[in-house]
Every structure is written in C-alpha cells, then in structure tokens.
Amino acid sequence: MGNCLTGDLVAEARDRLATVAHRTPILRSATTDSLVGKHVYFKMENQQKTGSFKFRGATFKLMQLSKEKLQKGVIAASAGNHAQGVANAAAKLNAKATIFMPEKTPSAKVDATRAYGAEVVLTGQSFQEAYDASMKRQLQTGAEYIHPFDDYDVMAGQGTAAAEMLQQEDRIDTVLVPVGGGGLISGTAAAAKYMNPKIKVIGVQSAGAPAMYQSFHHNRGKQLDHVSTIAEGIAVKKPGERTLPLINEYVDDIVTVSDEEIASAIVYMLERNKTLLEGAGAAALAALLSQGSRLKSDHCGIIVSGGNMDISTLPMIQRLSNKLHHSA
C-alpha cells in the first residue's frame, strides 16, 4: 500500500471498518468532569472486539492484502493485544495466522489468541526473541508480516478510533493517547489534524518505558536497554522508524506518568465507572488526573485503548494506587 499516512487513508479505513469493528461508545462521567474541571469524553476501545483498538489496525491491514497474499497466511509477534487483533482479523478474512509469543506469556492471553483460530508459537524469554523467531519463520514461509505499529495501514486502522470519536463528539479540542511504539497516536494525529487542524494531540508514556518521550523531546530515536511498567501494552524499547517522524511532525506534546498514577487511574475507573482498564488503557486518564490542571482544554477526549487486564494483578494495582494517595 502507500508509503505514508494521510487523513484520507484513515477516512478510507473508517469506512471499510464500519461494518466489521464495533463503533465503541463514548463514556461521560460527571464526577470526572468536576474533578478535573473539564468536559471529558472516554472513547471506550476496551469494549472493542478482542478488548482493544488493535483489532482495527490488524483488520484494515489484512483488508489491503490480495487473495494470493491472504492464502499464504499472516504472521506476527505479540505478547498481548496485537496477537488477539491479528488472530481475529485473520479468522474474519479466512487467512491462517501464526503468532509468536514469549514463553512466559500469561496463559489467558495464549488461550484467547488460540480461541480466535491462530497457531501460537511460544518461544524465547522476551518479546524481542519471539519477534526474531517470527521474522525467521516469515522468511521461510513468505507469509505477510503484520507489524504491531510500524506500518502505515496498521496506523490508519488504529486512527479510526479517533476519527469515530470526533464524529461522535465534535467539540473535542484535545485528545490524550497512550503511546508505546506509536501506531495509535500516529493514526490519531493523522485523523484529528485532518478533521480539525486546531485539535491538540498529546501522547502519554509510562515513565518506566519512555522511549518515544525521550525521542520526541531530545530528537533522537534511541533504544532503551530496559523497560519496567505495569502498562505492558506500551512497554516498547524503541520507537517505530515510521511512527517517530509522524509523531515529531503532528503530535503536540508527549508526557509521562508513573506506575502509581496508572494504578490509581485503573482503580478510579473501576470504582467510579464500573469499567476495567488495562495499564496501557489507563495511561491517558492517569495523565489527565495528575497533570490536568496544566492542560488547556475545555473538551478533552481520552482514548481508553484496551481492557485486557490480568485480574490476578489487581491486588498489586490497588497497593500501588494506595501508595500514591498516601504520599499525596
């Protein structure tokens, strides 16, 4: 497909995904509005098929492939939401999906991916090792590689969440977006600036995995040796080669939040809005709650990117959240 990301491509993706992806609701919360002194709009991608926005990018990418390519199958590496997104998209389009995952991936994620019909290959200690193994297999089989973020069609698909949100609520002046490798925020920025160039797009990274934050503010795409965060969905060591230039061009700012702030946002949404967010999905809300007073916005959109939380981690999340409130 094309070698760039445009608002037109996102609009095309939105039209093509209209019958396949859920048009997820926007959640309003009077409590949140009064707490932060703004009108807040949550785009609930935790209610998307497979529990995250990743289904959008994977589906649009696969829709662009020819019949011959689909017959050769698709391949990906992921320890999380991308795996399920690709597996479900492949099932819808009758393509065989092979997903490489690190050996210690929680069994719930492995089972969910298999349930969508994908073949799961467990290999390596880290994501990087699973990724390397998947690249090797790709060379042997000629299957189409579906990258989690560094692909313009994938980015365009992810951007459809923001495109929908701005159709659902056209007063939004600022969008807060979680950032890992940068696929979601690239698509979001392309969609938002195309629909209204005045909209501010602000990325949120975990302080324990700030690769994109550092690259954006210090203008170098540097690889981190180590990442550590409860938001595993955005724990990326290296910014995308294609996403970084787009982010430098279109994104207004990138901020970071602590694990305690992310945990606090998860607990807040559970208690106040009866809604489960995973760590990455709570990052944008964490930024609003901790830094909202500095944010000049009357109508703020929050992309709740996913809700695939391992329930057994909730006690740890509650402890982290308590830590923040005791030190406050």
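This report concerns the structure included in the present document. Quick caveat: nothing in here was measured; it's all calculated off a predicted structure.

1. Section: unusual backbone geometry
Backbone geometry at Thr50 places phi at a positive 65°, although glycine is not the residue there. Of note, Thr50 is situated in the loop between β2 (39-44) and α3 (54-63).

2. Examining the sheet that holds strand β9 (residues 253-257)
The mixed open sheet is built from six strands, whose spatial order is β1-β2-β10-β7-β8-β9. Across the chains shown, the open sheet's two edge strands, defined by having one partner strand only, are β1 (26-27) and β9. Examined bridge by bridge, β1 and β2 share two bridges and lie antiparallel to one another. Across the sheet, the residue bridging to Ile26 is Lys43, located in β2. Sitting on the sheet, helix α10 (residues 211-218) is in contact with β8 (200-206) and β9, with an inclination near 140° to β9.

3. Comments concerning the packing of helix α1 (residues 7-17) against helix α8 (residues 152-168)
Relative orientation of the contacting elements α1 and α8 amounts to 75°, with a least axis distance of 7 Å. With respect to each other, α1 and α8 are oriented roughly perpendicular. In this structure, α1 uses Leu9, Val10, Ala13, Arg14 and Leu17 to contact α8, whose residues at the interface are Tyr152, Asp153, Ala156, Gly157, Gly159, Thr160, Ala163, Glu164 and Gln167. Among the residues forming the contact of α1 with α8, the class breakdown is seven nonpolar, four polar and three charged.

4. So, the packing of aromatic side chains
Counted by the stated rule, this structure contains two aromatic pairs. Members of the aromatic cluster, connected to one another through ring pairs, are Phe127, Tyr131 and Tyr145.

5. As for the sheet that holds strand β5 (residues 119-122)
Spatially, β5-β4-β3-β6 is the arrangement adopted by the four strands of the open sheet, whose pairing is parallel. The sheet is open, and its two borders are formed by β5 and β6 (144-145), each paired with just one other strand. Two strands pair when backbone bridges link them, and strand β3 (residues 74-77) and β6 are joined in this way by two bridges, in the parallel orientation. Its bridge partner being in β6, Val74 is matched across the sheet by Glu144.

6. A look at the nonpolar core
What tends to happen in soluble globular proteins is that the nonpolar side chains get buried as a cluster. With 39 residues, the main nonpolar core has Leu5 and Val251 as its most contacted residues. Every element with two or more residues in this core is listed here: α1, α3, α8, β7 (174-178), α9 (183-195), α10 and α11 (243-250). The element contributing the most residues to this core is α8, with seven residues. Those residues in contact with Val251 that sit more than four places away from it in its chain are Ile185, Ala189, Val201, Gly203, Phe216 and Leu246. The next biggest cluster of nonpolar side chains, apart from the first, holds 35 residues, and it includes Val36, Val40, Ala265 and Val304.

7. Some details on helix α12 (residues 259-273)
With 15 residues, α12 extends 21 Å from end C-alpha to end C-alpha; this agrees with the ideal 21 Å at 1.5 Å per step. The buried count for α12 comes to eleven of 15 residues, which makes it a mostly enclosed element. For α12, every residue scored as buried is listed here: Asp259, Glu260, Ile262, Ala263, Ser264, Ala265, Ile266, Val267, Tyr268, Met269 and Asn273. The first or second residue beyond α12 is Lys274, which carries a positive phi of 55°.

8. A look at the environment of Met309
With respect to the helices, strands and loops of the structure, Met309 is situated in the loop between β10 (299-304) and α14 (314-327). The residues contacting Met309, other than those within four sequence positions of it, are Ile266, Leu276, Leu277, Glu278 and Ile317.

9. Digging into the pattern of salt bridges
On inspection of all chains with the given rule, the structure shows 13 salt bridges. For Glu260, the salt bridge is made with Lys323, and the minimal N-O distance between the two is 3.6 Å. With Glu260 in helix α12 and Lys323 in helix α14, this residue pair connects regions lying 63 residues apart in the sequence. Connected through salt bridges with shared partners, the residues Lys43, Glu45, Arg56 and Glu164 form a single ionic network.

10. Quick word on the environment of Leu62
Along the chain, the position of Leu62 falls in helix α3. The class for Leu62 is buried, based on a relative accessible area of 1%. Here the alpha-carbon distance between Leu62 and Asp153, two residues 91 residues apart in the chain, equals 8.9 Å.

Rules of the game
Residues numbered from 1 in each chain as written. Predicted model: local features only at pLDDT ≥ 70, side-chain atom pairs only at ≥ 80, totals over all residues. Heavy atoms only, no water. Helix = DSSP H or I, 4+ residues; strand = E, 2+ residues; numbered from the N terminus. Pairing = 2+ DSSP bridges. Contact = heavy atoms within 4.5 Å. Axes fitted to C-alpha atoms, helices over the stretch in contact; angles between N-to-C directions. Parallel < 35°, antiparallel > 145°, perpendicular 65-115°, else oblique. Nonpolar A, V, L, I, M, F, W, Y, C, P; charged D, E, K, R; others polar. Phe/Tyr/Trp six-rings, centres within 6.5 Å; stacked < 30°, edge-to-face > 60°. Core = buried A, V, L, I, M, F, W, Y, C linked by side-chain atoms within 4.5 Å. Buried < 20%, exposed > 50% of the residue type's maximum accessible area, 1.4 Å probe, protein only. Expected span 1.5 Å × (residues − 1). Salt bridge = Lys/Arg side-chain N within 4 Å of Asp/Glu carboxyl O.

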